[in-house]
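Single-letter residue listing:
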Amino acid sequence: MYMAYGWPQVIPLELPNCASTQQIVYLKVVNRLLLVVCPTHLELWSSSQHRVRLGKYKRDAESIRREGENLQAIWSPDTKLIAILTSSFYLHIYKVQFTEKKILIGGKQPTGLFLANVSLLLGEQVPFANNNLTVSNFICDNKHMLIGLSDGSLYNISWKGEFCGAFSPAVLLNSSTIANKLSHHLGNGLPSVGVQAVDGSNHVNHVVSQTRAVVHLEFSITLRLLFVLFSDGELIQCSVSKRGLKHAESILVERSLGSGEAVCASVAPEQQILAVGTRKGTVELYDLADSASFMRSVSLHDWGYCAEDTGPVKCIAWTPDNSSFAVGWKLRGLTVWSISGCRLMSTIRQIGLSSVSSPVVKPNQDLKYEPMMGGTSLMHWDEHGYRLYAIEERSSERIIAFSFGKCCLNRGVSGTTYARQVIYGEDRLLIVQSEDTDELKILHLNLPVSYISQNWPVLHVAASRDGMYLAVAGRHGLILYDIRLKRWRVFGDITQEQQIQCQGLLWLGKIVVVCNYVDSSNTYELLFYPRYHLDQSSLLCRKQLLTKPMVMDVYQDYLLVTYRPFDVHIYHVKLAGELSPSSTPDLQLSTVRELSIMTAKSHPAAMHFIPDQLPREYTLRSDIASSSDLLTREPARCLILRMNGELSLLDLDDGREIELTHSVELFWVTCGQSEEKTNLIEEVSWLDYGHRGMQVWYPSPGVDPFKQEDFLQLDPELEFDREVYPLGLLPNAGVVVGVSQRMSFSACTEFPCFEPSPQAQTILHCLLRHLLQRDKREEALRLAQLSSEKPHFSHCLEWLLFTVFDAEISSQNSSKNQAAGGNHTTSLLEKTCDLIRYFPEYYDVVVSVARKTDGRHWADLFSAAGRSTELFEECFQRRWYRTAACYILVIAKLEGPAVSQYFALRLLQATLDESLYELAGELVRFLLRSGREYEPTNTDSDRDSPRFLGYFLFPSSFRKQPQDAKSSTSFKEQSAHVASVKSILQSHASYLMSGKELSKLVAFVKGTQFDLVEYLQQERYGSARLDNFASGLEMIAQKLHMGTLQSRLDAEFLLAHMCSVKFKEWIVVLATLLRRSEVLFDLFRHDLRLWKAYNITMQAHPAFAEYHDMIEELDEKLSSAVDAEET
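Values in this document were obtained by computation on a predicted structure and should not be read as measured data.

### Focus: the sheet that holds strand β29 (residues 343–346)
Taken in spatial order, the four strands make up an open sheet running β26-β27-β28-β29, and their pairing is antiparallel. Strand pairing shows two members of the sheet lacking a second neighbour, β26 (313–318) and β29, which therefore form its edges. On average, adjacent strands in this sheet sit at an angle of 20° to one another, irrespective of strand direction. Relative to strand β28 (residues 334–338), strand β27 (residues 324–329) is paired through five bridges, and the arrangement is antiparallel. Within β28, the position partnered with valine 327 by the bridge is threonine 335.

### Here's the deal with the side chain of threonine 562
Topologically, threonine 562 is positioned in strand β45 (residues 558–563). Those residues in contact with threonine 562 that lie beyond four places of it in its chain are Pro549, Met550, Val551, Asp567, Val568 and Met607.

### Regarding the sheet that holds strand β3 (residues 26–30)
With antiparallel pairing, four strands are arranged side by side in an open sheet as β3-β4-β5-β6. Two strands close off the open sheet at either side, each with one partner strand: β3 and β6 (53–58). The average undirected angle you get between the axes of adjacent strands in this sheet is 10°. Strand direction decides the pairing type here: β3 and strand β4 (residues 33–37), joined by five bridges, are antiparallel. The partner of leucine 27 across the bridge, within β4, is valine 36.

### Topic: the environment of valine 664
Relative to the helices and strands, valine 664 is located in strand β52 (residues 664–669). Separated by 23 residues in sequence, valine 664 and leucine 641 have C-alpha atoms that sit 7.6 Å apart. Sequence-distant contacts of valine 664, defined by excluding residues within four places in its chain, comprise Leu641, Gly645, Leu647, Asp688, Tyr689 and Gly690.

### Things to note about the pattern of salt bridges
When their charged atoms lie close together, side chains carrying opposite charge are able to pair. Taken as a whole and assessed by the stated rule, the structure comprises 44 salt bridges. For the salt bridge of arginine 66 with glutamate 67, the shortest nitrogen-to-oxygen distance reads 3.3 Å. The class for glutamate 67 is buried, based on a relative accessible area of 10%. Taking the shortest distance from any N to any O, the salt bridge between glutamate 370 and arginine 332 comes out at 2.4 Å. Highlighted residues: glutamate 370 in the loop between β29 and β30 (376–381) and arginine 332 in the loop between β27 and β28, separated in sequence by 38 residues.

### Some remarks on the packing of helix α26 (residues 1064–1074) against helix α28 (residues 1088–1100)
Following both chains from N to C, one finds α26 and α28 inclined at 45°, their axes separated by 13 Å at the closest point. Viewed along their axes, α26 and α28 adopt a mutual orientation that is oblique. Regarding α26 and α28, the two cross each other, and that crossing is right-handed. Every residue of α28 that contacts α26 at Lys1064, Val1068 and Thr1072 is listed here: Leu1090, Tyr1094 and Met1098. For the contact of α26 with α28, the residue count by class is four nonpolar, one polar and one charged.

Quick notes on the rules
Residues numbered from 1 in each chain as written. Predicted model: local features only at pLDDT ≥ 70, side-chain atom pairs only at ≥ 80, totals over all residues. Heavy atoms only, no water. Pairing = 2+ DSSP bridges. Helix = DSSP H or I, 4+ residues; strand = E, 2+ residues; numbered from the N terminus. Axes fitted to C-alpha atoms, helices over the stretch in contact; angles between N-to-C directions. Contact = heavy atoms within 4.5 Å. Salt bridge = Lys/Arg side-chain N within 4 Å of Asp/Glu carboxyl O. Buried < 20%, exposed > 50% of the residue type's maximum accessible area, 1.4 Å probe, protein only. Parallel < 35°, antiparallel > 145°, perpendicular 65-115°, else oblique. Left-handed = near helix turned anticlockwise from the far one by under 90°. Nonpolar A, V, L, I, M, F, W, Y, C, P; charged D, E, K, R; others polar.

What follows is the structure, encoded as structure tokens:
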């Protein structure tokens, strides 16, 4: 798994000394060296810790004019020679020699880098020079290189500069079926090269003429496979014998691949997968180990981008471990995918399609923009996968380097734990901080400069089982980190550190196990260091290994070491004495098992012990060994993840292997890994992740707990988002921790900052469902109680009930035609409801699930969960009014409109009493809508039904109405039900107005859409009346608290309504509180008697002294107005 972090870096290139095409020709990284070939020159850079230019070769203007610009290039596998073909078909071969001139950083610190001389060895025109000829890229082995020509042939050139001529690969016909298929392709013009057809006697019958150009070549030395791509999109696979590329007869066509839309291809030799880029912008994956069968395709179509936005695929680059690949498009963007199809990184901004920056490229490049905005022409990973070097289309000025962290989960000889999620970069660790599962964070932990400067880069990282200690190894040595104390531990003796070349790390309790390569003797050994002291004097044990280990694992006191091809050795570790600095402990290894397994399957990528899983109640029985004996018993099985993604179970007693599933990227063994009582995943055997998403495996309840057909796998609810890659588990929280990419843009930088963002996805609901399926109700309840304080608990219960109910609906639909019979057994839905009923979240969970499902199935849900009216009543009594309101619609569906209206009216009154006005407004709208739907269909028989009369609160409202009322177009006259609602609202408004609770009145009016104007007109001389102006002003000032903004807004709201009904007393009071002198002026200029009374009252009360300045201003304005009228 690879995840980008930080800002992309720019490596500037030298500008050409004459006009040239703006396109870099070649880019490759080998042995910490970066070669870039430009149209007029080439540059050699260091791709190690210090990125500096080591050498260059710049062609003069005369050479460029005579022989043309650089067109194609290739670097020999030993990095000593560079071959370049120019646009005028001259072949140049350059030699790279390193001098003894060292490069120092800061003038003092040595870097181990030396300057290089690049010299021209050969410059000669190729025999196939033709103005009308076009060529493909180069491919090579140690002795020869091939280039494709537009006439469909391949031309062979040796690294010595010998021109070996053009040839067409021969076809090996293994069967008549292949022959018929090939002849069909030939008849349709599909093969890409001139092909020699061979009969059974190996005599050449005919040669098919070439009709298409070779546009791309891809070669894997490891697999000895050559792929030839033609201009019409046809791709063929050829095998290459051990004789190499020199001889034409050693290259044989095997098959045709792809859909005819191919534009580029790239091979992953470790995984034996071919990635094919197409004109449509998609990448197709083919399994070369399975006759090049199609696996899957990946694209940005699901993210709103099509081929018109990104263009065709331009280049594909696999990571060094072949677990991920980068895809660059011709028009825009670069994306990194995992082999299972998870989008790990993308330079393309994920914004809505209507945005100005998406998805069409804008011509204004002066603005800050995303990287690779103009497309990607070339890219290459460094040898460790920490950097992805990319070049933009039509650019010859710079290389963009993206920094990546990786997490090689459960692969190779370095162990890890799911409890601590660590991504490691070249000089740092990115640790997921999971103390608070609500908000996971990424902590950047920089390694000590004294260590990483001498041992760059980070090569191996392993976390202890509890996740509290980290072991980190670079090129040499080893350092430890204590997460609790935030302290590093290093070797005190630098010479001892340099003697260690770590090939893998494991934690054996409090002991660090180092797989060390001894350079002097070319052997491998295991070193056992206590975590409290890294020194030769504290070395507990040194174990010589037979050869380089392929896979290692540890479980408690047992150590597993696997060699090629498939030899498994299991050791028992016995520690005598106390492991502390004050004692001298002694550690001994004894071999307990050796297996040599013959198999034609791919090599293991990871192996992990599977502890024997016995039910917890067994450990309490006296006739079974004690729990300590069970914990130290030797594991008899282990899981194997092979390089091709196949997951299988190996019986270590008899060597029998059972295939479980395929297309798996990673897995975690969770059983027997923790003795804590709060571990929520102890019932799980293991989890795996692949292109199908996450799968959880449980032990079978049968005699053989690992019988394949009895395994229960998880349903799709654990499928991860395709932007989130799982890193590990939080066993005490019951969640899977994943990571996804985010980008943050800044105005001061050209490129965005890539930020890994941790995500959490719960699996608690899956574990609970598993236990209920097996009728383990007590265990399920105990597990739920352990996690009841977790922040995601309510969501887990809701998801559990939803998935169970959804499965119940599906099973009912599939068995509609089957006859029902037999005794009733408790269904899984009933078990689930019984479990959730133990928790106060039950009422919220049930109604939330109901709202997410089709109302036609509510009867089935509430037959198991309880009657909806009873659940409502329980919520009502507990004053959980918001939850109770959610049940109203359910009651309307199951019990009828009249019953729901009765409960809604009760709830409306209660919410008004609690000042929950938004909720009250929703209830009002429901009641009005329900009244419209229900009233026209009422009949006498409906109104006389016992259920109706028993529930309805206002029987008087349903007296038989006169005929003229029924024909009225006014809904208010038509529905007495609405009159009840209006009565409740008016009563509450009177209560608030009488108590002068004006802020609540405003919230009530806004929340329920109550007609305040009509109410004020009716209650002008009732509850809205102000008997005394002075006392009223003083009381309202105290109630409204005019110092706050919200109170002033409420007063403005009321003032507007009072003005609309010309309620002078209230207008004067509110305008005074708001100091709205213009309102008072308009009122008093037409009623001077009111002004005089107002002035006298305000002057007479000391409490109103703060308004005297406003009164004086009003007095002046009114006097001026009176004088103006008199004149």
